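Each chain, letter by letter, is given below.
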Amino acid sequence: MSVRIDATDRKILAELQRDASQSLDEIAKNVGSSKTPVWNRIRKLREAGVIGRQTVVLDAEALGFEACFFVLIRTSEHEADWQAKFLQALRDRPEVQEAHRLAGDIDYILKVRVQNARAYDTFYQALISEVRVHNVTALLSMEEIKSTTMLPLES
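Residues numbered from 1 in each chain as written. Predicted model: local features only at pLDDT ≥ 70, side-chain atom pairs only at ≥ 80, totals over all residues. Heavy atoms only, no water.

- The protein chain has the name Lrp/AsnC family transcriptional regulator in an unreviewed UniProt entry, where Parasedimentitalea maritima is given as its organism.

1. Observations concerning the packing of helix α2 (residues 24-31) against helix α3 (residues 35-47)
Moving on, step 1. It is at 9 Å that the axes of α2 and α3 come closest, and there the two elements cross at 100°. Judged on the interaxial angle alone, α3 and α2 are roughly perpendicular. Where α2 abuts α3, its residues Leu24, Asp25, Ile27, Ala28 and Val31 lie against Lys35, Val38, Trp39 and Ile42.
Moving on, step 2. Here the contact of α2 with α3 is composed, by residue class, of seven nonpolar, no polar and two charged. (Axes fitted to C-alpha atoms, helices over the stretch in contact; angles between N-to-C directions. Helix = DSSP H or I, 4+ residues; strand = E, 2+ residues; numbered from the N terminus. Parallel < 35°, antiparallel > 145°, perpendicular 65-115°, else oblique. Contact = heavy atoms within 4.5 Å. Nonpolar A, V, L, I, M, F, W, Y, C, P; charged D, E, K, R; others polar.)

2. Notes on the side chain of arginine 113
Moving on, step 1. Relative to the helices and strands, arginine 113 resides in strand β3 (residues 108-114).
Moving on, step 2. Take arginine 113: its relative accessible area is 13%, and that puts it in the buried class.
Moving on, step 3. Among the polar contacts made by the side chain of arginine 113, one reaches the main-chain carbonyl oxygen of phenylalanine 65 at a distance of 3.2 Å.
Moving on, step 4. Once residues lying within four places of it in the same chain are set aside, the contact partners of arginine 113 are Ala60, Glu61, Phe65, Glu66, Ala67, Cys68, Glu95, Gln97 and Glu144. (Buried < 20%, exposed > 50% of the residue type's maximum accessible area, 1.4 Å probe, protein only. Polar contact = N/O pair within 3.5 Å; in protein donor to acceptor, adjacent residues only side chain to side chain.)

3. A short note on the sheet that holds strand β2 (residues 96-101)
Moving on, step 1. The strand order β2-β3-β1-β4 describes an open sheet built from four strands, whose pairing is antiparallel. Taken across any chain shown, the strands that pair with only one partner, and hence form the sheet edges, are β2 and β4 (135-140). For this sheet, the mean inter-axis angle between neighbouring strands, taken without regard to orientation, is 20°.
Moving on, step 2. Bridge count for strand β1 (residues 67-74) against β4 is six bridges, and the pairing is antiparallel. Bridged to phenylalanine 69 within β4 is leucine 140.
Moving on, step 3. On top of the sheet, helix α4 (residues 80-91) reaches β1, β2 and β3; it is set at about 25° to β3, its chief contact.
Moving on, step 4. Together, β1, β2, β3 and β4 form the strand contacts of helix α5 (residues 117-130), whose direction differs from that of β3 by roughly 135°. (Pairing = 2+ DSSP bridges.)

4. Digging into the environment of leucine 153
Moving on, step 1. Positionally, leucine 153 belongs in the segment after β4.
Moving on, step 2. The buried category is assigned to leucine 153, whose relative accessible area is 18%.
Moving on, step 3. Each C-alpha atom, one on leucine 153 and one on arginine 10, is 6.1 Å from the other, the two residues being 143 residues apart in sequence.
Moving on, step 4. Apart from the residues within four sequence positions on either side, leucine 153 is in contact with Arg10, Leu13, Ala14 and Gln17.

Structure representation (structure tokens):
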């Protein structure tokens, strides 16, 4: 479904990205509109798939997940059955927050959030016991400088 997005839609989306728990009244006030038109626009954007599921952002460190690893994976396997098994292994592991297939020398990059290095090793050992990979490089993030899910809607 294709949907046209105008300036008011972008303002609504920016407000929702900033804080999706805002009331409809607050969003309407912040975008300079009234409640019913804002609700209709949000409904239209949801139906079009522009707005997906709503979640809560948790503080990983406050919950004991103090280590963030970026894992670079090279593989010599490129068959469909290997890829399906690999992708399922990633989906089955809650430690994997993000996984991307890349162009270039590295085939995949994963963002893995765990309690510590020992927990990463447990994750790593389980992964390589399930799927064959050619080379794995784990990079420990020393400091998170920026992390956002917000898209740059307002220019």
